[in-house]
Structure formats: C-alpha cells, structure tokens
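Spelled out, the chains give:
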Amino acid sequence: MDKQLYTVIIYSENLAGVLNQVTAEFTRRQMNIETLNVSSSSIDGVHRYTLSLWSDEQTINKVVKRLEKKIDVLRASYYTEDEIFVQEVALYKISTPKLLENRQISKIIRHNHARVIEINSTYTVVELTGMTEGILKLYKEFVAEQCVLQFVKSGHIAVTRDVVEHLTEQLFDEDARRRR
Amino acid sequence: MKEIITGAEALMRSLMNEGVDTIFGYPGGSIMPVFDAMYDHRDDFRQVVVRHEQGAAHAAQGYARSSGKVGVCIVTSGPGATNTLTGISDAILDSTPIVVIAGQVASSVLGTDAFQEIDLVGVTQPISKWSYQIRRAEDIAWAVARAFYIARSGRPGPVVLDFTKNAQTSQVAFEPEIVDNIRSYVPYPKPDMNAVREAAELISRARRPFALIGQGVELGEAHEELKAFLEKGNIPAARTLLGLSALPSDYPLNVGMLGMHGNFGCNANTNQCDVLIAIGMRFSDRVTGNLNTYAKQAKVIHLDIDRAEIDKNVKADIPVIGDCKETLPLITELMSKGEHSEWIASFADYDAIENEKVTNKALNPGCGPLKMGEVARKVSEATEHSAVLVTDVGQNQMMSCRYFKYTKPHSLLTSGGLGTMGYGLPAAIGATIAVPERTVCVFMGDGGMQMNIQELGTIMEQKAPVKMILLNNNYLGNVRQWQELFFNHRYSCTPMLNPDYNMIAAAYGIPSRLVVDRADLDAAIKEMLETPGAFLLHVAVEEEDNVMPMVPPGASICDMIFE
C-alpha cells in the first residue's frame with residue numbers, strides 16, 4: 001500500500017509515562033517517527049503531541065485507534081498534509097566574523113526572511129519559521145558559505161483545518177454530563 | 001475526621017472499599033509493610049499464598065473469569081513482579097480484569113538499580129490496560145479506586161500498581177475514594193443509532209445470516225439479550241473458543257465452535273453466509289485462518305465495545321460500537337423476524353461429515369488406548385455438563401473444549417490469546433475460591449501441568465477442591481502434532497520423560513488414580529467427583545492422537561483436514 005507522510009495529533013493527560021506508551025505503539029510495528037513535538041495545549045493540564053511519520057492509511061488508522069484507547073489519552077487523530085497547517089522552527093548558529101567578512105551571508109538571511117535574534121562577537125543566532133524545504137534550503141546556503149556552527153530544527157507543529165474543535169467540545173460535554 | 005493510618009493500611013481499606021474478598025500473593029522485601037498490614041486483615045480477606053508469582057496472576061485470572069469480579073494479586077518488586085508478567089499478558093489478550101499490586105523500592109532510590117528494583121511501569125505499560133506507580137501515601141485511595149474502575153469497566157483488562165515502599169510506610173489521612181469516571185476514558189461508547197438501524201435492516205434482508213459469538217457476550221452478561229436476538233432473527237450462531245459458554249451447548253441455534261480446531265460446518269459456512277454478525281469477538285487469526293479468503297462474500301456487521309477492534313483484522317461494513325448488552329436489544333427491536341431453517345439445516349450436512357471422520361472416533365473408539373476426547377466428554381457427562389472447565393494449553397485444551405458441554409455462563413476458563421502453558425492449574429485454584437458452589441475441572445497435559453506444578457502446594461494448603469484431569473501422552477502433544485503434520489515427523493524436543501504424577505500428588509496429600517484401561521474410566525471419574533477436595537485423575541491417553549479437524553496454518557478456514 002502507498003505510504004505518505006501523516007501527522008498524528010494526540011491530546012493526553014499530563015501524566016508520566018504517556019509518551020512512552022505513544023512511542024511503544026509505533027515501535028511495536030517498527031514504524032519510525034520522523035518528528036515529534038510535545039508541549040502543553042490550549043487546555044489546562046492537557047498535553048499535545050504532534051508526530052509525523054510515513055505510513056499507509058490502514059496501518060495509521062489502526063495505530064491511532066489503539067492510541068486513543070490508552071486510558072490517559074483524550075483524543076488521537078491523524079491527518080494528511082492537506083488537512084493541516086504545518087510549521088517548523090529552525091535555529092542557525094553562525095560565525096559572526098564570517099558574517100562580517102562575507103556580505104553574501106547577510107544577503108542570504110534577508111532573501112530567506114530569516115530573523116537575527118542574537119549577535120555577539122563570536123556567533124550570531126538566526127531563526128526561521130516555515131516548512132521543512134525552506135528551512136533546509138537556508139541551511140544549505142549557510143553551509144555553502146562555511147559559516148554554520150550549529151543547526152537545529154523543531155519537529156512539526158500543526159493545527160488542523162477543522163472548523164470545530166472536537167476535543168474542547170468533548171471535554172465540555174463531559175463536564176456538562178458530570179454536573180448533571 | 002479522616003483517620004491517620006499507614007499507606008499499607010490505606011491499601012487494605014481501599015481494597016475493602018472495592019469489595020475485594022480474596023488476595024493471591026507472595027511476600028517479599030519491598031512489599032513487607034503490606035503483608036504486615038494483611039496480618040490484621042486475615043478475617044477480611046482470604047489470603048492465598050501461592051508457590052510462584054505466576055501462579056498468583058493466573059489464580060487471580062481464574063477467580064475473575066469464573067466470577068466476573070476483579071482478581072487481585074500482591075507480590076514483591078523485582079522478580080516477584082516480573083513473575084506476574086505472563087499472567088498480565090494473558091489477561092490483556094483475554095480481557096480479564098485483574099489488579100496486580102507490586103512492591104517497589106523507596107522512591108528516594110528509584111533509578112539507582114536498588115536491590116530488586118525494576119522499572120515495572122515501563123515493563124508493563126505495553127501489556128496492561130493501565131500501569132501506575134504510587135509514590136505517595138496520599139495517592140493510594142485515588143489510585144486503587146481508579147485501578148479497579150479501569151480493570152472492570154468497558155473491555156476489562158489487567159491493571160498494575162507499582163507501590164513504593166515509602167508510600168506503604170508513611171502516614172496518611174485516609175478517606176476512601178470512588179472513581180466512576182475518567183474524562184479521557186470512554187468505557188461504554190454510546191451506540192450510534194444509524195449503525196443500529198443499518199445493522200437491523202441488513203439482518204432483516206439477509207438470507208443466510210451467521211452470528212459469531214465471542215467472550216464479549218460473557219463479559220457484558222448479555223446472554224439473554226443474545227438469545228432474544230438469535231431467536232427473533234432465527235440466526236444460527238457459532239462461538240469462539242472464549243465464547244463457548246456464552247450459549248448452552250444444546251441451544252437449538254448453536255451450531256458449534258469456530259476456528260482452527262472448531263467445527264467443520266461453522267468454518268465452511270463462514271464462507272457461505274451472506275451476512276456475518278460478529279458479537280464481542282475480535283477475529284483472531286485462530287478463528288479466521290487466511291484472511292484473504294475469509295468471508296469475502298459476506299457483509300460484515302461487527303458489534304464490539306472496543307473501537308480499536310473495528311477493521312483491525314476484518315473490515316466491518318457496519319460497525320456497531322458499544323456494550324452488546326445495550327446494542328443487541330436495540331438491533332433486535334428494529335429487525336424483522338427471520339426464517340432460515342434451510343440455511344440452519346445446512347450445518348448438519350457438515351456435522352455428519354465431521355462426526356463420521358472425527359467425532360465418533362474420538363468419543364467412541366471402542367478399543368485401543370484411551371482418547372482425550374472420550375475422557376473429556378465422560379467428565380462432562382459425570383458433572384451433568386455443569387462444571388467449570390479450566391484447561392491448560394495444547395491438545396488437552398482443544399480436546400476438552402471441543403468435547404465438554406456447557407449449560408451455564410462463565411463455564412470455561414482457558415488461555416486463548418496468549419496460549420499460556422501452565423495457566424490451568426493456578427486458574428483452577430482461583431475458580432474454586434471464586435465459585436465454591438461449582439465443580440471445577442481442570443484438564444492438563446503432561447507438559448503444561450509441570451509448568452506450574454508447584455501450585456499443588458497451594459491446593460494442599462488452601463484445600464482447594466480442584467478436580468485435576470491429567471491427559472498424559474508422554475509428549476508435548478500439540479507441538480508433536482504439528483511436527484507430524486508439517487515438519488515431516490521430526491519430533492524435536494517433544495517426547496517427555498515423565499515423573500510418577502501419582503506419587504507427586506501423594507506427596508502433597510492429594511488423592512489420585514491412574515487410569516490406563518477404558519473399563520476403569522467411569523469408576524475413576526466417579527471417584528474423583530465423589531472424593532471431597534482435590535483429586536488427580538491421571539489418564540494415560542493415546543500417545544500420538546491428533547486434534548482434528550484442523551485448519552492448517554495459513555490455509556483457508558473452509559479447507560479443514562480430518563486426518
């Protein structure tokens with residue numbers, strides 16, 4: 001079956017060990033997680049996981065159902081690239097002496113709409129938010145100028161194109177049910 | 001005013017609050033404060049000391065499966081805890097509600113490779129429904145209440161509590177808690193009425209509907225709802241291994257057992273029906289055989305409480321997610337009465353073939369060595385088909401499941417998903433404690449009996465009236481059968497050099513009898529059942545008998561072999 005890049009979004013209670021349970025479900029099938037981001041969500045006490053990985057529809061469907069079955073997982077869903085807005089953030093630590101002596105480097109920063117967030121006498125930190133392709137393009141351009149000291153990029157973070165926020169509604173319904 | 005007590009005592013109060021009456025356990029360093037507290041609660045709990053922690057887990061399973069209540073075992077950290085892993089795995093695959101409470105080193109030394117420290121939560125997360133470490137006495141009431149709620153609700157399963165020593169010994173202002181809701185957990189999904197309507201319409205239109213009954217019916221206590229459904233639709237029903245006692249064996253619409261060693265008609269007609277209605281079953285590979293040829297002609301309606309079972313192995317045309325005790329009556333009400341006598345009669349043609357080729361020979365061999373099948377049927381008859389059947393794993397399991405008859409729900413305890421040799425003996429102990437009013441018969445082979453043979457000590461100490469039937473063929477019979485059929489008769493490591501089992505029984509003070517001749521069998525069974533307490537009926541059976549019919553591995557379910 002054809003594989004494509006899926007983004008899996010999971011909401012869970014903020015308890016120790018949930019990440020382990022999430023990754024174990026992929027490990028069990030020897031599925032490689034491409035990117036992973038875990039952070040707090042807009043709901044107090046609820047964590048949000050954003051994973052991206054290559055899979056076929058049938059497999060990802062089964063895995064996500066098993067993820068949602070975990071006691072402390074509130075909701076798990078999967079999306080193809082056209083169903084979500086995805087962004088990544090990258091930080092590039094480059095050499096300040098090279099930046100000063102090579103005018104090409106500052107041109108590259110401007111052309112890519114990157115932002116300088118720190119400058120000192122030894123290094124400069126540049127930040128770029130965007131899609132993977134743009135982030136890697138900037139990295140290659142810096143590398144060509146031999147100025148890169150460090151490079152890091154985040155995993156996918158994504159918001160869905162849905163009009164309805166299902167989890168918020170689910171929790172709201174649950175609250176209403178409990179109050180009754 | 002909350003009472004100030006130790007964490008260990010708080011555990012006792014919490015267990016009492018959950019209605020626990022029996023603890024299967026084994027003491028050790030990190031759980032000693034709990035066992036010390038248990039000393040003050042000898043009247044509140046029956047405390048069953050097993051001889052190996054694996055036995056505790058299986059005994060808790062046997063207790064749970066036979067009674068529907070949550071089984072509890074308490075063990076120490078490290079090896080005590082790891083010895084329960086097989087039971088926990090068995091319980092997750094067979095949806096058995098147990099709570100395993102294990103000691104853990106003090107939280108101050110967690111992660112230091114302290115004596116008998118293992119990362120139990122890490123180890124058990126993939127094999128349990130929920131696994132949690134209690135590090136503070138303040139969390140005990142909440143964690144225990146949550147553990148029992150999770151274990152017993154929805155699709156049941158094993159829960160692990162990893163209980164650090166400092167949480168056991170520190171003082172806490174205790175107040176029992178009740179958990180009946182977890183916002184991230186939906187144990188009983190609300191039925192989708194559209195799916196219910198579609199299912200009812202499809203069943204009403206069906207010409208050859210076929211119901212597959214799994215353990216979900218037993219777990220959901222939906223026996224009467226199932227019968228009402230089958231009777232209104234006049235729908236033949238076959239049961240999975242774990243669903244065998246969900247319908248009485250002689251129920252008119254029951255057509256037999258599914259699967260690798262199930263009945264020919266059930267398997268063959270799976271590929272003839274036009275609507276397949278799966279109820280609380282999970283399309284295990286042992287039921288479906290080769291999926292590429294499985295029921296391709298049929299529309300599939302799948303009733304299950306667990307959403308993750310839908311489309312897992314067999315694609316459902318109409319999934320009906322929910323508790324079958326709730327969804328079955330909804331469908332029954334909306335569907336029209338059915339008439340399928342011709343279709344139902346078609347099962348009998350296959351039965352005739354199976355009877356001639358297999359069953360008659362298994363039950364009435366006439367001469368030659370004793371056969372496993374006839375022993376199972378005779379024990380069933382002698383108990384008026386009302387005993388709880390416990391099995392070990394292998395030929396003894398398939399033969400006893402095939403030839404036992406069931407008249408009451410919750411009458412079969414067997415390790416279906418994990419296929420755990422050594423399950424039978426301790427599970428039977430659990431059953432005698434959970435349902436003391438019933439006769440408990442465990443069938444074992446000479447291989448499986450030795451895997452937890454130390455539990456004879458528990459039987460002795462507890463005076464557990466386990467009726468043990470050892471079907472001894474001096475082989476690991478099921479593997480030998482596969483070697484004969486698929487590995488060119490190369491009996492690698494399957495012959496068993498056996499001890500004198502009757503002497504072993506005698507050493508534990510358990511009466512026993514060895515039967516070699518057919519003429520002695522009836523009297524020996526009678527003696528077993530009439531002797532108070534435990535009894536070992538050691539039967540020398542045909543050494544190279546095979547369980548038939550059989551769907552060979554990888555084959556289509558309609559291609560059963562008979563010899």
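Fair warning: this is a prediction, and the values are worked out from it, not measured in the lab.

1. Notes on the overall build of chain B
Here is step 1: Looking only at helices and strands, one finds 23 helices and 20 strands in chain B.
Here is step 2: Since a compact globule built from 563 residues should have a radius of gyration of about 24 Å, the 24 Å found for chain B is in line with a globular shape.
Here is step 3: Dimensions of chain B, computed from C-alpha atoms along their principal axes, come out at roughly 70 × 60 × 40 Å.
Here is step 4: Put simply, chain B has 563 residues, and 62% of those count as buried.
Here is step 5: Across chain B, the fraction of contacts at a sequence separation of at least 24, relative to all contacts at a separation of at least 6, is 77%.
Here is step 6: In chain B, 48 positive and 66 negative side-chain charges are present, and the distance between their average locations comes to 3 Å.

2. Section: the side chain of Asn396 of chain B
Residue and element names in this part refer to chain B.
Here is step 1: Along the chain, the position of Asn396 falls in helix 17 (residues 395–403).
Here is step 2: In terms of polar contacts, Asn396 uses its side chain to reach the backbone carbonyl oxygen of Val393, at 3.3 Å.
Here is step 3: The residues touching Asn396, leaving out its near neighbours within four places in the chain, are Met372, Thr391, Phe443, Met444, Gly445 and Leu471.

3. Focus: the domain arrangement of chain A
It is common to give the size of an interface as the accessible area lost on bringing the parts into contact.
Here is step 1: Per the domain assignment, the segments of chain A are domain 1 (4–79) and domain 2 (86–153).
Here is step 2: Here the C-alpha centroids of domain 1 of chain A and domain 2 of chain A sit 32 Å apart.

4. Section: the pattern of salt bridges
Residues and elements named next belong to chain A.
Here is step 1: Under the defined criterion, the tally for this structure stands at 34 salt bridges over all chains.
Here is step 2: Between Lys70 and Glu25 there is a salt bridge, with its nearest N and O atoms 3.0 Å apart. Taken together, the residues Lys70 in the loop between helix 2 (57–69) and strand 4 (73–79) and Glu25 in helix 1 (residues 18–27) connect sequence positions 45 residues apart. Note on accessibility: Lys70 and Glu25 belong to one class, buried.
Here is step 3: Close ionic contact of Glu141 with Lys137 constitutes a salt bridge, the shortest N to O distance being 3.3 Å. Of this pair, Glu141 and Lys137 both sit in helix 5 (residues 132–144), 4 residues apart, which is roughly one turn of the helix.
Here is step 4: Assessed through its relative accessible area of 24%, Glu141 is described here as partly exposed.

5. Let's talk about the packing of aromatic side chains
Here is step 1: Taken as a whole and assessed by the stated rule, the structure comprises 19 aromatic pairs over all chains.
Here is step 2: Between the aromatic rings of Tyr149 of chain B and Tyr185 of chain B, the centroid separation amounts to 5.8 Å while the plane-to-plane angle is 85 degrees, which identifies the pairing as edge-to-face. Here the residue Tyr149 of chain B occupies a position in helix 7 (residues 140–152), and Tyr185 of chain B occupies one in the loop between strand 8 (171–174) and helix 9 (193–205), the gap between them amounting to 36 residues. Side by side, Tyr149 of chain B and Tyr185 of chain B carry an identical accessibility label, which is buried.
Here is step 3: Here the aromatic rings of Phe210 of chain B and Trp343 of chain B are separated by 6.4 Å at their centres, their planes lie at 85 degrees, and the arrangement is edge-to-face. Residue Phe210 of chain B is found in strand 9 (residues 209–213), and its partner Trp343 of chain B is found in helix 15 (residues 341–363); the two are separated by 133 residues along the sequence.
Here is step 4: Feature note: the residues Tyr92, Tyr139, Phe142 and Phe151 of chain A constitute an aromatic cluster, connected by ring pairs.
Here is step 5: Residue placement shows Lys93 of chain A over the ring face of Tyr123 of chain A; its charged tip is 4.5 Å from the ring centre.

6. Comments concerning the interface of chain B and chain A
Here is step 1: Contact residues are listed per partner, giving 18 residues for chain B and 21 residues for chain A.
Here is step 2: One can count 3 salt bridges joining chain B with chain A.
Here is step 3: Here Glu13 of chain A makes a salt bridge to Arg183 of chain B, at a shortest N to O gap of 2.7 Å.
Here is step 4: Summed over the shared surface of chain B and chain A, the result is 9 residue pairs in polar contact (both at pLDDT 80 or more).
Here is step 5: Across the side of chain B that touches chain A, the residue classes break down as 6 nonpolar, 4 polar and 8 charged.

7. Looking at a nonpolar patch on the surface
Here is step 1: The grouping of Val89, Leu91, Ile117 and Val152 of chain A at the surface amounts to a nonpolar patch, some 290 Å² of accessible area in total.
Here is step 2: Inspection of the secondary structure assignment puts Ile117 of chain A in strand 6 (residues 115–119).

8. Thoughts on unusual backbone geometry
All names here are of chain B.
Here is step 1: Looking along the chain, the bond that leaves Met548 and enters Pro549 is cis, with omega of -5 degrees.
Here is step 2: Residue placement: Pro549 occurs in the segment after strand 20 (535–540).
Here is step 3: For Ala295, which is not glycine, the phi torsion reads 50 degrees and is therefore positive.
Here is step 4: Within the secondary structure, Ala295 sits in the loop between helix 13 (285–288) and strand 13 (299–304).
Here is step 5: Phi is positive for His489, which is not a glycine, with a value near 60 degrees.
Here is step 6: Inspection of the secondary structure assignment puts His489 in the loop between helix 21 (477–486) and helix 22 (501–507).

9. Examining the environment of Asn473 of chain B
Residues and elements named next belong to chain B.
Here is step 1: Within the secondary structure layout, Asn473 lies in the loop between strand 18 (466–472) and helix 21.
Here is step 2: Separated by 279 residues in sequence, Asn473 and Asn194 have C-alpha atoms that sit 54 Å apart.
Here is step 3: Not counting the four nearest positions on each side in its chain, Asn473 is found in contact with Met372, Gln395, Asp446, Val541, Glu542 and Glu543.

10. Considering the nonpolar core
Residue and element names in this part refer to chain B.
Here is step 1: Core analysis: the largest hydrophobic core is formed by 63 residues, its most contacted members being Phe210, Leu276, Phe443 and Ile469.
Here is step 2: At 5 residues, helix 15 tops the list of elements feeding residues into this core.
Here is step 3: Looking at this core, you find at least three residues from each of domain 2 (193–347) and domain 3 (370–540).
Here is step 4: In terms of nonpolar packing, the next biggest core, distinct from the first, is built from 48 residues, Ile88, Val388, Tyr423 and Leu470 among them.

11. Here's the deal with helix 15 of chain B
Residue and element names in this part refer to chain B.
Here is step 1: Taking 1.5 Å of rise per residue, 23 residues should cover 33 Å, yet helix 15 covers just 28 Å from first to last C-alpha, more than 12% shy of that figure.
Here is step 2: Of all the bends in helix 15, the greatest, near 60 degrees, is centred on Asn355.
Here is step 3: Buried residues of helix 15: Trp343, Ile344, Ser346, Phe347, Glu354, Val358, Thr359, Ala362 and Leu363, and no others.
Here is step 4: Elements that come into contact with the buried residues of helix 15 comprise strand 9, strand 11 (254–257), helix 12 (264–270), helix 16 (372–382) and helix 17.

Scoring rules and cut-offs
Residues numbered from 1 in each chain as written. Chains lettered and ligands numbered in written order. Predicted model: local features only at pLDDT ≥ 70, side-chain atom pairs only at ≥ 80, totals over all residues. Heavy atoms only, no water. Helix = DSSP H or I, 4+ residues; strand = E, 2+ residues; numbered from the N terminus. Rg over C-alpha atoms; globule rule 2.2 N^0.38 Å. Buried < 20%, exposed > 50% of the residue type's maximum accessible area, 1.4 Å probe, protein only. Contact = heavy atoms within 4.5 Å. Lys, Arg positive; Asp, Glu negative; His and termini not counted. Charge placed at Lys NZ, Arg CZ, Asp CG, Glu CD. Polar contact = N/O pair within 3.5 Å; in protein donor to acceptor, adjacent residues only side chain to side chain. Domains from an automatic or database assignment. Salt bridge = Lys/Arg side-chain N within 4 Å of Asp/Glu carboxyl O. Phe/Tyr/Trp six-rings, centres within 6.5 Å; stacked < 30°, edge-to-face > 60°. Lys NZ or Arg CZ within 6 Å of the ring centre and 35° of its normal. Nonpolar A, V, L, I, M, F, W, Y, C, P; charged D, E, K, R; others polar. Patch = residues over 30% accessible without salt bridge, like charges linked within 9 Å, V, L, I, M, F, W, Y side chains within 5 Å. Areas by Shrake-Rupley, 256 points an atom, 1.4 Å probe, with all protein chains shown as cover. Core = buried A, V, L, I, M, F, W, Y, C linked by side-chain atoms within 4.5 Å. Expected span 1.5 Å × (residues − 1). Bend = angle between axes of the 7 residues up to and from the residue.

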